[in-house]
Amino acid sequence: MFRSMLIAAACTVILAGCASAPVEPERLPWRDAAFNYRAGLVEVSRDELFRLDPELQAHVLNPPPEQLGPSQKLKHLMAVVFGPNAKRFNYMAGHSTTASQTWRLGRGDCLSLTVLTYAVARAMGMTAQMQEVATPVLFDRRGEFDFVNQHVNVRFPRAHKVLTEDAEARDVVVDFEPDFISPRPGRPLTESGIYARYLNNIATEHLALGDTQLAYAHYKAAIEADPAYAASYGNLALLYRKSALHAEAEQLLRRAMALEAEADVPLLALQQMLNEQGRQSESRRYESVLQGRQARDPYYWINAGVQALQEGDHKKAIRALEQAREMTGNFREVHAFLALAYWRAGEARRATEELSTLALLGTSEAGISKLRKKFKGQESQLQWQPQVQ
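Report follows, based on the coordinates.

Moving on, we get to the overall build of the protein chain. The helix and strand inventory of the protein chain stands at 17 helices and nine strands. For the protein chain, the proportion of its 389 residues judged to be buried stands at 52%. With the model as given, the accessible surface of the protein chain reaches about 17300 Å², and the carbon-plus-sulfur share is 49%.

The linkage connecting Asn62 with the following residue, Pro63, adopts the cis geometry, with an omega of 5 degrees. Along the chain, Pro63 turns up in the loop between α2 (54–60) and α3 (70–82). Of note, the phi angle at Asn36 is positive, near 50 degrees, even though the residue is not glycine. For Asn36, the location among the structural elements is in the loop between β2 (11–14) and α1 (46–50). Unusually for a residue other than glycine, Ala244 sits at a positive phi of about 65 degrees. Checked against the element boundaries, Ala244 lands in the loop between α9 (230–242) and α10 (246–259). Given a relative accessible area of 53%, Ala244 falls into the exposed group.

The next point concerns the packing of helix α7 (residues 191–208) against α9. One way to put it is that α7 packs onto α9 with a least axis distance of 10 Å and a crossing angle of 20 degrees. On the basis of their axis angle, the class for α7 and α9 is roughly parallel. Note that α7 runs across α9; the crossing there is left-handed. When α7 is examined against α9, the residues Ala196, Asn200, Thr204 and Leu207 are found in contact with a partner set consisting of Ala231, Ser232, Asn235, Leu238, Leu239 and Lys242. Class assignment for the residues of the contact of α7 with α9 results in five nonpolar, four polar and one charged.

For the rest of this paragraph, the subject is the side chain of Thr97. Mapped onto the elements of the fold, Thr97 is located in the loop between β3 (90–91) and α4 (99–105). Residue class for Thr97 comes out buried when judged on its relative accessible area of 2%. Within polar-contact distance, the side chain of Thr97 engages the side chain of Thr102 at 2.6 Å.

The subject of this paragraph is the packing of aromatic side chains. Under the counting rule described, the total for this entry stands at six aromatic pairs. Here Tyr37 and Tyr216 contribute two aromatic rings whose centre-to-centre distance is 6.0 Å and whose plane-to-plane angle is 75 degrees, an arrangement assigned as edge-to-face. In this pair, Tyr37 is assigned in the loop between β2 and α1 and Tyr216 in helix α8 (residues 212–225), connecting sequence segments 179 residues apart. A residue is classified by how much of its surface remains accessible, and Tyr37, at 29% relative accessible area, is partly exposed. Judged by centre distance (6.5 Å) and plane angle (20 degrees), the rings of Tyr216 and Tyr240 are stacked. Of this pair, Tyr216 sits in helix α8 while Tyr240 sits in helix α9; the two residues are 24 residues apart in sequence, bridging distant segments of the chain. Owing to a relative accessible area of 0%, Tyr216 belongs among the buried residues under this scheme. The ring centre of Tyr37 lies 4.4 Å from the NZ or CZ of Lys220, which sits over that ring. Over the ring of Tyr286 we find Arg285, and its NZ or CZ is 5.4 Å from the ring centre.

It is at 9 Å that the axes of helix α14 (residues 314–327) and helix α15 (residues 332–344) come closest, and there the two elements cross at 150 degrees. Taken together, α14 and α15 sit at an angle that is classed as roughly antiparallel. You can see that α14 and α15 cross each other, and the crossing is left-handed. Residues His314, Ala317, Ile318, Leu321, Glu322, Ala324 and Arg325 of α14 form the contact with α15, whose participating residues are Val334, His335, Phe337, Leu338, Ala341, Tyr342 and Arg344. Here the contact of α14 with α15 is built from residues that sort into nine nonpolar, two polar and three charged.

Looking at the element boundaries, Gly305 is found in helix α13 (residues 298–311). With a relative accessible area of 0%, Gly305 lands in the buried category. The spatial distance from the C-alpha of Gly305 to the C-alpha of Arg319 is 7.6 Å, given a sequence separation of 14 residues. With sequence-adjacent residues up to four places away left out, Gly305 is seen in contact with Ala317, Ala320 and Leu321.

All right, on to α14 then. Under the 1.5 Å per step criterion, the end-to-end length of α14 is 20 Å for 14 residues, consistent within 8% with the ideal 20 Å. Buried residues of α14: Ala317, Ile318, Ala320, Leu321 and Ala324, and no others. Looking at the buried positions of α14, the neighbouring elements they touch are α13 and α15.

Let us now look at the nonpolar core. Formed by 46 residues in total, the largest nonpolar core has its most connected members in Leu77, Leu116, Val120, Phe156 and Ile194. Per element, the largest residue contribution to this core is nine residues, and it comes from helix α5 (residues 110–123). Setting aside anything within four residues of it in sequence, one finds Leu77 in contact with Phe82, Thr117, Val120, Ala121, Met124, Met126 and Phe156. Phe35, Leu236, Met257 and Leu274 belong to the second-largest nonpolar core, a separate cluster that totals 30 residues.

Reading guide: rules and limits
- Each residue is numbered by its place in its chain's sequence as written, counting from 1.
- The model is predicted, so local features are restricted to residues of pLDDT at least 70 and side-chain atom pairs to those at 80 or more, both for listing and for counting; the totals for chains, interfaces and linings are taken over all residues.
- The basis for every side-chain value is the complete set of non-hydrogen atoms in the structure, without hydrogens or water.
- Helix and strand definitions here come from DSSP, where helices need a minimum of 4 consecutive H or I residues and strands a minimum of 2 consecutive E residues; each element is numbered from the N-terminal end.
- The rule is simple: take the accessible area with a 1.4 Å probe, protein chains only, and divide by the maximum for that residue type; under 20% is buried, over 50% is exposed, in between is partly exposed.
- Shrake-Rupley sampling with a 1.4 Å probe provides the accessible areas, and residues are treated as covered by the protein chains on show and by no other component.
- Geometry is summarised by axes, namely lines fitted to C-alpha atoms with helices restricted to the contacting stretch, and by angles between N-to-C directions that run from 0 to 180 degrees.
- For classification, angles of less than 35 degrees are called roughly parallel, those exceeding 145 degrees roughly antiparallel, those between 65 and 115 degrees roughly perpendicular, and all remaining angles oblique.
- By definition, turning the near helix anticlockwise from the far helix through less than a right angle yields a left-handed crossing, and turning it clockwise yields a right-handed one.
- Contact criterion: two residues are considered in contact whenever any of their non-hydrogen atoms come within 4.5 Å of each other.
- Each residue is assigned to one class: nonpolar for Ala, Val, Leu, Ile, Met, Phe, Trp, Tyr, Cys and Pro, charged for Asp, Glu, Lys and Arg, and polar for all the others, Gly among them.
- Two N or O atoms count as a polar contact when they lie within 3.5 Å, although within protein this holds only if one can serve as hydrogen donor and the other as acceptor, and sequence-adjacent residues are included solely when both atoms are side-chain atoms.
- Stacked, tilted and edge-to-face are the three classes applied to pairs of Phe, Tyr and Trp rings, where Trp contributes its six-membered ring and a pair requires centres within 6.5 Å; stacked means planes under 30 degrees apart, edge-to-face means over 60, and tilted covers the rest.
- To sit over a ring, a charge needs its Lys NZ or Arg CZ within 6 Å of the ring centre and within 35 degrees of the ring normal.
- The span you would expect from a helix comes to 1.5 Å times its residue count less one.
- The nonpolar core is taken to be a set of buried Ala, Val, Leu, Ile, Met, Phe, Trp, Tyr and Cys residues, with the residues joined through side-chain atoms within 4.5 Å.

What follows is the structure, encoded as structure tokens:
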């Protein structure tokens, strides 16, 4: 997962859609002087984000891609980037890196590994689509901040046929966290869109370390890179709140809400600001909106179930995940989390029923075996394998 949002004290920040046309960046409440902004503080350009290490570039182009057919190209990409048995790269949350940095480090978060995979595919002339996919929201507390995570991966349209020589031309999804792989299509991301999410992550790292100058510079660059990406506005609003720029923070939160109509984080942050300012009647209106969304949002119940699982409250997890199951059809993650919750609550028969449902939904025997290991605590973190959907 890549971090998409922060909550500081009573505040929420979003890391990485859009209901209305975005405001032009120059019309936003920039406060360059307040944060000692100057050109050049952001060192990584969009081109640099996707630039390949020279050694990797040479490896990618040997043999020349024009000499390879579609099947050979995809197999070559897997071999070059992921190595024998898909063991070359390790998932590492906490820091987003460029394609070259990720290659040299041999690890990265899902955004970093997505950028690397896409960059290799681009160099080979392959059709690849970066995408942001819906997953249960996971919170990670670090000091005064709560990080909220979102997820990205790479989709190769109709590539299953060329990879496996099967008759069915399904998409191939390259994903680095098997717990969250899903056959549902995500939100397509342009290079500018993923660059904005990278900048937003770097900004939030600086904010968490107390470097407001670099945080501001990277949030500003993120908004300029993709004015339709709502998370950067919400996170910059938190920086403004911490700097007592309350009117400007409110403007940014309302902009984030306009861009992402169903996003709860900026709405919650605005509600908190209104309470702090004694504007209770306005705050209550947003509170009722949040409550109404929760009742009909399956991801609210998935999130509640995952949180309860993490806290060891298995009965609570079951209640929440059963509610999510009632509201969804073929969400494999719901059945996987529910199977785990049943097992840990001592309900082996019901856990087995959920595994049977997963099999009917197309989950592989290997995937079910990994889940059984998690039942018994034998596998705390899954190794990545390329996932075909």
